Amino acid sequence: MMDPTRIIAIRHGETAWNVDTRIQGQLDIPLNATGRWQAQQLGLALAGEPITAVYASDLWRAYETALAVAGAVGLEIDTDEGLRERGFGVFQGHTFAEIEASLPDQALRWRKRDPEFAPEGGECLNDFRDRVVGCVQDLAARHPGELIAIVAHGGVMDVLYRAAVGLGLQDPRSWELGNAAINRLLWTPQGFNLVGWADTQHLEADTALDETSA
């Protein structure tokens, strides 16, 4: 029996386009000031974890977030295009409202999470799911019995959550996909299991320890 691989899965810190509800997809958008602060807090929170490898999407918002994690644990970052956000094709660069107004039929299929629908030039959910799950399985299989960090995107986190709890692509989402939240999974060759999700304690200012609370 292979020892399980423990995974800390992290969505990148906040960007200006997150605030504007503008679809980033595979466009290379940097973190904003809040996102950089979130990455810094994330690094502090994970500094004591026995992480043996840090993997990240090669898109800058994820890579910049991963830099804080890798720096905190003294490791280099390995990038993998398999961890990129879903390709949204013609949707990229537009807000939700703009897509609804200009492409209502496509927007409807998107809202209904049609697994076969792909915006022009983009990926369908089925292909995206297969890419992400395949990539993370391959990375996890390299590290039996170890703890690894994977820094990617909201869509990637959504796919991993669904894989871990056995939900389909069209099931409605009731879980959070917060920027720089800490999500924990286990992987064995039998699949993923959920350990913990959407831990944002490190991002809450009122959780800082008082000097009398060692």
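Higher on the page you've got the structure.
Residues numbered from 1 in each chain as written. Predicted model: local features only at pLDDT ≥ 70, side-chain atom pairs only at ≥ 80, totals over all residues. Heavy atoms only, no water.

**Student:** Give a detailed account of the sheet that holds strand β5 (residues 182-188), specifying residues and quantitative values.
**Tutor:** Spatial ordering of the open sheet is given by β3-β2-β4-β1-β5-β6, a layout of six strands whose pairing is mixed. Edge positions in the open sheet fall to β3 (77-79) and β6 (191-199), since each of these has one partner strand only. Taken over all neighbouring pairs, the strand axes of this sheet differ in orientation by 25° on average, direction set aside. Relative to strand β4 (residues 147-152), strand β2 (residues 51-56) is paired through five bridges, and the arrangement is parallel. Following the sheet pairing, Tyr55 is matched in β4 by Ile150. Against the sheet, helix α3 (residues 60-73) touches β1 (5-11), β2, β3 and β4, its axis set at about 170° to β2. Docked against the sheet, helix α6 (residues 125-141) engages β1, β2, β4, β5 and β6, running at close to 155° with respect to β4. (Pairing = 2+ DSSP bridges. Helix = DSSP H or I, 4+ residues; strand = E, 2+ residues; numbered from the N terminus. Axes fitted to C-alpha atoms, helices over the stretch in contact; angles between N-to-C directions. Contact = heavy atoms within 4.5 Å.)

**Student:** Which residues make up the nonpolar core, and what are the values?
**Tutor:** Membership of the largest hydrophobic core comes to 29 residues, with the highest contact counts inside it found for Ile7, Leu83, Val136, Ile150, Met157, Leu160 and Phe192. Within the residue set of this core, elements represented by two or more residues are β1, β2, α6, β4, α7 (154-165), β5 and β6. Looking at this core, the element that brings in the most residues is α6, giving eight residues. Apart from the residues lying within four places of it in its own chain, the contact partners of Val136 are Ile7, Leu83, Ile150, Leu160 and Phe192. (Core = buried A, V, L, I, M, F, W, Y, C linked by side-chain atoms within 4.5 Å. Buried < 20%, exposed > 50% of the residue type's maximum accessible area, 1.4 Å probe, protein only.)

**Student:** An account of the packing of aromatic side chains is requested, with residue identities and associated values reported.
**Tutor:** Following the criterion strictly, the structure yields seven aromatic pairs and no others. Seen in terms of ring centroids, Phe91 and Trp110 are 5.1 Å apart; in terms of plane orientation they differ by 50°. Their pairing is tilted. Of this pair, Phe91 sits in the loop between β3 and α4 (96-102) while Trp110 sits in helix α5 (residues 104-111), and the two are 19 residues apart along the sequence. Among the residues examined, Phe91 registers a relative accessible area of 0% and is labelled buried. Their ring planes at 45° and their centres at 6.2 Å tell us that Phe91 and Phe117 sit as a pair that is tilted. Of this pair, Phe91 sits in the loop between β3 and α4 while Phe117 sits in the loop between α5 and α6, and the two are 26 residues apart along the sequence. The burial state of Phe91 is the same as that of Phe117; both residues are buried. In textbook terms, an aromatic cluster arises when at least three aromatic residues are bridged by ring pairs, as seen for Phe88, Phe91, Phe96, Trp110 and Phe117. (Phe/Tyr/Trp six-rings, centres within 6.5 Å; stacked < 30°, edge-to-face > 60°.)

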